[in-house]
Amino acid sequence: MTDKLRRRKWWTALLWLLIAAAAVPLAGRLEDLHVNATVAEMPRGAPATRVAELAARFPDGGIAPAIVVYQRDSGLTRQDKIKIEQDRLRYGGNPVTSADGQAAILVVPLPDDPATLAGAARAVRENVAVDSPGLTVKLTGPAGAALDAADAKERTDRTITLVTLGVVILLLLIVYRSPLLWILPLLNVGLAVLLARATQYILGAHAGLTVDPENAAVVTVLIYGVGTDYALLLLARYREELRRHPDRHEAMRVALRGAAPAIVASAATVSLGLLCLLAADMGFNHALGSAGAIAVVAALLSTTTLFPALLLILGRRVFWPLIPRAGATPDPQVAGGLTARRPRTGATSDPQVAGHWIARRPRTVWLLGLLVLAGLTAGMSGMRIGLTSDQAITGHPESIAGQELLATHFPAGQTKPVRIVAAIPLTAEIRALPGVASVGEPVRSTDGTLVRTDAVLTAPVDSTEARATVQRIRDVVGQRGSVGGATAEAMERDAAQTHDHNVVIPLVLGVVLILLLVLLRAFTGSLVLMATVVASYAAAFGAAWLIFRHVFGFPAVDVQLPLIGFLFVVALGADYNIFLLSRAREEIAAHGYREGLLRALAATSGVITSAGVVLAATFAALTLAPQVAFKEIGILVAVAVLLDAMLVRLILVPAIALDLGRWFWWPARPGRPDRKAPLPARPRTPADSGDPARPRTSAAQ
């Protein structure tokens, strides 16, 4: 294989150069798919989603209303009314004045084209703005909300990408202290991003893949995080082998043989976990599953092909100034990553100094670790789930401010009516229902087969009263039509999220458990690992809720957070299980159970800590997004990854494995060629009991 690596490194680099050349134009066209983000994120197949999809069949279906709100506390003056009339002459429509005379609205019809809507809405906002003391003018409605969302997305994508790059560069410089090495992981991840976006475009344009532009920030953070993690794992193993082999090609061959199975297994776990979201009803969750899986597979391909080729082409000098030489003593400050330390004078002579204190009393250690997790889990006390529409974005966007003015001076549901689509008009039946302020004239579809009726509610669209009124409308409509609008959409989102929690979470647990069983061939250990992952998630959620409430002041968690957070925490947490235990199996085969496990812990503790810090930092970049849901995802995953990498994987799991001895691997028998030999009775051997003070017997080997 060494000779193959010598030849293939150049061909691999050339192949990726061609892939990049083809991917650049395709990746740039991803936004050209013009996906209706609102429909893409709604519950799939729900009645309200059906109403949104049918909007294009009505005469105003291609219109996104921009609602201009004019308000003066002392009442609109003559000059104010002249201003409103001037705007009417420019944009059309009929102004409506509130009953108290303090406000008026003007509905400006704009083309509902995702490519031009934000720009057209911005032009309206700039043109209707006035410099008149006491008169407030705000742009709201669908067009105003689209403008605020577009501005927020532009800031989010640009800022998060730049911050993620900066954080990864800084951490790589700290870990490896090389002015050159940090470039390669970023180049590797950058090409993976291009490949993922190009693949999404091809599948979205030609294979019907659902693409949701709103999850771009989460996918970007995910691919940077896992791509850098995989690169760190391979780099750590490659550095080890460079000190053992004078030929860098041989060192890479051994490093790939040792690290590639763990990287592939990790990518399989994360991508298959994400694909479980294809069973979700919520459009956002469903689209994130495929987009995330594509991103992880792209990171896997680049890390196992392009990254080794670049390292081999550049040679050992890429590690300058700390160049690893064959036969040289490892620098403990950089060999393993952020947590490696030089042994203190008088410390044990075991090479596994990092795990020596765990091995003294493993049962005490893991019991204390569980107490820490339980204490953090208690932080979930008083947690509330569900944000209202005005709590979904930090700050106070103009569309929200305009909506508040409307709610003060007009019926609460004025700009977000309930929409009923049926084959016949249902105006009289709906108008008679309590909670309905007014019903508009029926509008027939362009093909004449459907009729839409708009009903304005007396209660705010987010209120319990509005939901009760919508339910009464549904009861009246029955099977004759579909009920949509903001309130109906919120109700169906809640139902879809409940379905997704009940279906996707058990599915993810089952998939990850099966993968661990296949990879580790250890039933006991796989169950223990799944239990620690769930405990880690609960503890992270408790800690995150305290941060949400007392640091950021969020009143509740977004309804999507429990599911998306669980998926990321379980799938990404399984990464570190695989990194640690795949190395443990290798070391146990060579050195026996206790010594092998401690050697594996010493060899992987640094890279797991480094990878955890990088992954947590990349997800923490989501806190810069204006969307509260993205902030909460970033905080939760960052807390969970740090907790998992520094407590669960480096302390709790090794302590349990030492305490259980070989029963942790049952029915597998790592390091023993005779798999049919009887298991030793626990804890008769010191190695199985984890006591470092007593010599190991031959049975422990």
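Our subject is the structure listed above.
Residues numbered from 1 in each chain as written. Predicted model: local features only at pLDDT ≥ 70, side-chain atom pairs only at ≥ 80, totals over all residues. Heavy atoms only, no water.

### Section: the packing of aromatic side chains
Both the distance between ring centres and the angle between the ring planes are used here to describe each pair of aromatic rings.
Reasoning step 1: With the rule as written, the count across this model stands at eight aromatic pairs.
Reasoning step 2: Where Tyr 537 meets Phe 541, the ring centres are 5.6 Å apart and the plane angle is 90 degrees; that geometry is what we call edge-to-face. Here the residue Tyr 537 and the residue Phe 541 both occupy positions in helix α17 (residues 523–552), the gap between them amounting to four residues, near one helical turn.
Reasoning step 3: On the basis of relative accessible area, Tyr 537 is assigned to the buried category, the value being 12%.
Reasoning step 4: Using a relative accessible area of 3% as the deciding quantity, one classes Phe 541 as buried.
Reasoning step 5: Plain terms: the ring middles of Phe 552 and Phe 554 are 5.4 Å apart, the flat faces sit at 25 degrees to each other, and that makes the pair stacked.
Reasoning step 6: The buried category is assigned to Phe 554, whose relative accessible area is 5%.
Reasoning step 7: Among the aromatic residues, those joined into a cluster by ring pairs are Tyr 537, Phe 541 and Phe 566. (Phe/Tyr/Trp six-rings, centres within 6.5 Å; stacked < 30°, edge-to-face > 60°. Helix = DSSP H or I, 4+ residues; strand = E, 2+ residues; numbered from the N terminus. Buried < 20%, exposed > 50% of the residue type's maximum accessible area, 1.4 Å probe, protein only.)

### Details of the side chain of Glu 489
Reasoning step 1: Looking at where Glu 489 falls in the secondary structure, it is placed in helix α16 (residues 486–520).
Reasoning step 2: Arg 493 provides the closest opposite charge to the buried, unpaired Glu 489, separated from it by 4.1 Å.
Reasoning step 3: Beyond its immediate sequence surroundings of up to four residues, Glu 489 is in contact with Met 42 and Ala 48. (Lys, Arg positive; Asp, Glu negative; His and termini not counted. Salt bridge = Lys/Arg side-chain N within 4 Å of Asp/Glu carboxyl O. Contact = heavy atoms within 4.5 Å.)

### What to know about a nonpolar patch on the surface
Reasoning step 1: Nonpolar side chains collect at one region of the surface, where Trp 11, Leu 14, Leu 17 and Leu 18 lie side by side and expose about 480 Å² of accessible area between them.
Reasoning step 2: Within the element layout of this structure, Leu 18 appears in helix α1 (residues 2–28).
Reasoning step 3: The exposed category is assigned to Leu 18, whose relative accessible area is 54%. (Patch = residues over 30% accessible without salt bridge, like charges linked within 9 Å, V, L, I, M, F, W, Y side chains within 5 Å. Areas by Shrake-Rupley, 256 points an atom, 1.4 Å probe, with all protein chains shown as cover.)

### Some remarks on the pairing of strand β8 (residues 451–457)
Reasoning step 1: Of all the seven residues making up β8, seven are buried; the element is thus mostly covered by neighbouring parts of the structure.
Reasoning step 2: Of the two faces of β8, the one carrying Val 451, Thr 453, Ala 455 and Leu 457 and the one carrying Arg 452, Asp 454 and Val 456 are both buried.
Reasoning step 3: Here strand β5 (residues 418–422) runs beside β8; their pairing, made up of five bridges, is antiparallel. Within β8, the position partnered with Arg 419 by the bridge is Asp 454.
Reasoning step 4: Relative to β8, strand β7 (residues 443–444) is paired through two bridges, and the arrangement is antiparallel. Looking at β8, one finds that Arg 444 is bridged to Val 451. (Pairing = 2+ DSSP bridges.)

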